Amino acid sequence: MSELQLKHVRKSYGTFEVIKGVDLDIKTGEFVVFVGPSGCGKSTLLRMIAGLEEITSGDLTIDGERMNDVDPSKRGIAMVFQSYALYPHMTVRENMGFALRFAGVPKAEIEQRVGEAANILELGPLLDRKPKQLSGGQRQRVAIGRAIVRHPKIFLFDEPLSNLDAELRVHMRIEIARLHKKLATTIIYVTHDQVEAMTLADKIVVMRGGVVEQVGSPLDLYDDPANLFVAGFIGSPKMNFLKGVVETGTDGRQVRLPEFGNATLPIAAKEAAPGSTVTIGIRPEHFGETGSASLDLTIDMLEHLGGETFAYARHGDGEMIIIETKNGRGLKSGDSIAAHFDPAAALVFDAGGQRLR
Ligand SMILES: Nc1ncnc2c1ncn2[C@@H]1O[C@H](COP(=O)(O)OP(=O)(O)OP(=O)(O)O)[C@@H](O)[C@H]1O
Ligand SMILES: [Mg+2]
């Protein structure tokens, strides 16, 4: 059974519609990540689930019960925000127990729940400190602790790690994955970070302009995007997009690439109509020294990261192509290379951006 369901959910501020009909099923215990460009409606959707924002139309149900008009405190949801203001004059223990005290939970039970959350988050030795005596990561854990003590059915996180430095983010990312394993609670998590989305999610929801573009497991979205937007959004560095024209070759469909010296490659997409303009998508790591298709390129710039190299290359003054390689140490800018790839790895999109198969 799906625990949380959104049906045709819409949200308008006056005449400005920001959520334009979202349908979504989230199962019990699932870790769901919302991604999408700034302003696409991720926080609004999260806040509507929490009950902090009214739902203009459509239904939100949790365990089959309609929640649209249920008070936020009665939805079994706890939310952790990007800016997690802790009360500076209270200790960690008091910060974590505050909401329970406010709700009139008996003292002994507060003690027990705070102790349990502190255990999970390894905050035990810090319970009597004030927030200013904590590191950024410890403060973030207290903020998560405040949510845990409420024993919610669903956790909502809105970019909880974006205020932390890079090293701490990695550390907290692993802590959150561990927390999810331990508690097995449903989590809905908003992030701009590709790695967080790919590593934490059971299911990623890609949004754009108030609509859901695609829902799927991280690797499904990576390997099998439904359209050009999802293909370009998931993955860093981004998928390369090459303009092409569909032709009938000797062995079936092929695509000619006018900006790459009219190189041709066979394609499997039966939906691609001869004469039509398409976009070919190839991921940076799909280029290499083998593969039956190839592009003649000149290297413009190199980024050596140690383990791998990103080469930025182009044909003449055409579009820049990003190539990821493990053996790029010998390359220099100005080098001519033949970037080989297997045509089967190339995705095909029509002029409207829909995937052709
Ligand atoms: N109270 C409001 N009144 C009017 N418009 C609003 C209000 N709150 C949000 N919006 C608009 O709704 C749209 C979605 O905002 P939202 O905060 O959900 O985006 P987001 O996807 O979370 O973006 P970000 O990644 O930048 O946090 C934006 O265009 C925003 O300007
Ligand atoms: Mg937001």
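Keep in mind it's a predicted model, so treat the numbers as computed, not measured. (Residues numbered from 1 in each chain as written. Chains lettered and ligands numbered in written order. Predicted model: local features only at pLDDT ≥ 70, side-chain atom pairs only at ≥ 80, totals over all residues.)

**Things to note about the overall build of the chain**
Across its full length, the chain carries eight helices and 20 strands. The burial tally for the chain puts 35% of its 357 residues in the buried class. (Helix = DSSP H or I, 4+ residues; strand = E, 2+ residues; numbered from the N terminus. Buried ≥ 20, exposed ≤ 12 C-beta atoms within 10 Å, placed from the backbone.)

**Focus: the sheet that holds strand β10 (residues 211–216)**
Hydrogen bonds along the backbone pair up the strands of a sheet, which may run parallel or antiparallel. The sheet built from six strands is open, its strands ordered β6-β7-β8-β3-β9-β10 with mixed pairing. Edge positions in the sheet fall to β6 (77–80) and β10, since each of these pairs with one other strand and no more. Within the sheet, the average angular offset between the axes of one strand and its neighbour, ignoring direction, is 20 degrees. Examined bridge by bridge, strand β3 (residues 31–35) and strand β9 (residues 203–208) share four bridges and lie parallel to one another. When the sheet's bridge partners are listed, Phe 34 is paired in β9 with Val 205. (Pairing = 2+ DSSP bridges. Axes fitted to C-alpha atoms, helices over the stretch in contact; angles between N-to-C directions.)

**Considerations on the domain arrangement of the chain**
Once the domains are mapped, the chain shows domain 1 (2–233) and domain 2 (240–356). Contacts between domain 1 and domain 2 engage six residues on the former and seven residues on the latter. Here the residues of the side of domain 1 that touches domain 2 are counted per class, giving five nonpolar, one polar and no charged. (Domains from an automatic or database assignment. Contact = placed C-beta atoms within 7 Å. Nonpolar A, V, L, I, M, F, W, Y, C, P; charged D, E, K, R; others polar.)

**Observations regarding the site of ligand 1**
Around ligand 1 sit Tyr 13, Phe 16, Val 18, Gly 36, Ser 38, Gly 39, Cys 40, Gly 41, Lys 42, Ser 43 and Thr 44, and that is every residue in its neighbourhood. Contributing elements (two or more residues each) for the shell around ligand 1: β2 (16–27) and α1 (42–50). Across the shell around ligand 1, the residue classes tally to four nonpolar, six polar and one charged. (Near = placed C-beta within 6 Å.)

**Focus on helix α3 (residues 107–120)**
Taking 1.5 Å of rise per residue, 14 residues should cover 20 Å, and α3 covers 20 Å from first to last C-alpha, within 8% of that figure. Listing the buried residues of α3 in full gives Ile 110, Val 114, Ala 117 and Ala 118. Burial along α3 is one-sided: seen end-on, the buried residues are contained in an arc of 100 degrees. More than 90 degrees from the buried face of α3, the exposed residues found are Ala 108, Glu 109 and Asn 119. (Expected span 1.5 Å × (residues − 1). Arc of directions from axis to C-beta.)

**Brief notes about the pairing of β3**
Most of β3 is tucked away, with five of its five residues classed as buried. Of the two faces of β3, both are covered, the one formed by Phe 31, Val 33 and Val 35 as well as the one formed by Val 32 and Phe 34. Pairing of β3 with strand β8 (residues 186–190), which is carried by four bridges, proceeds in the parallel orientation. Bridge pairing links Phe 31 to Ile 187 in β8.

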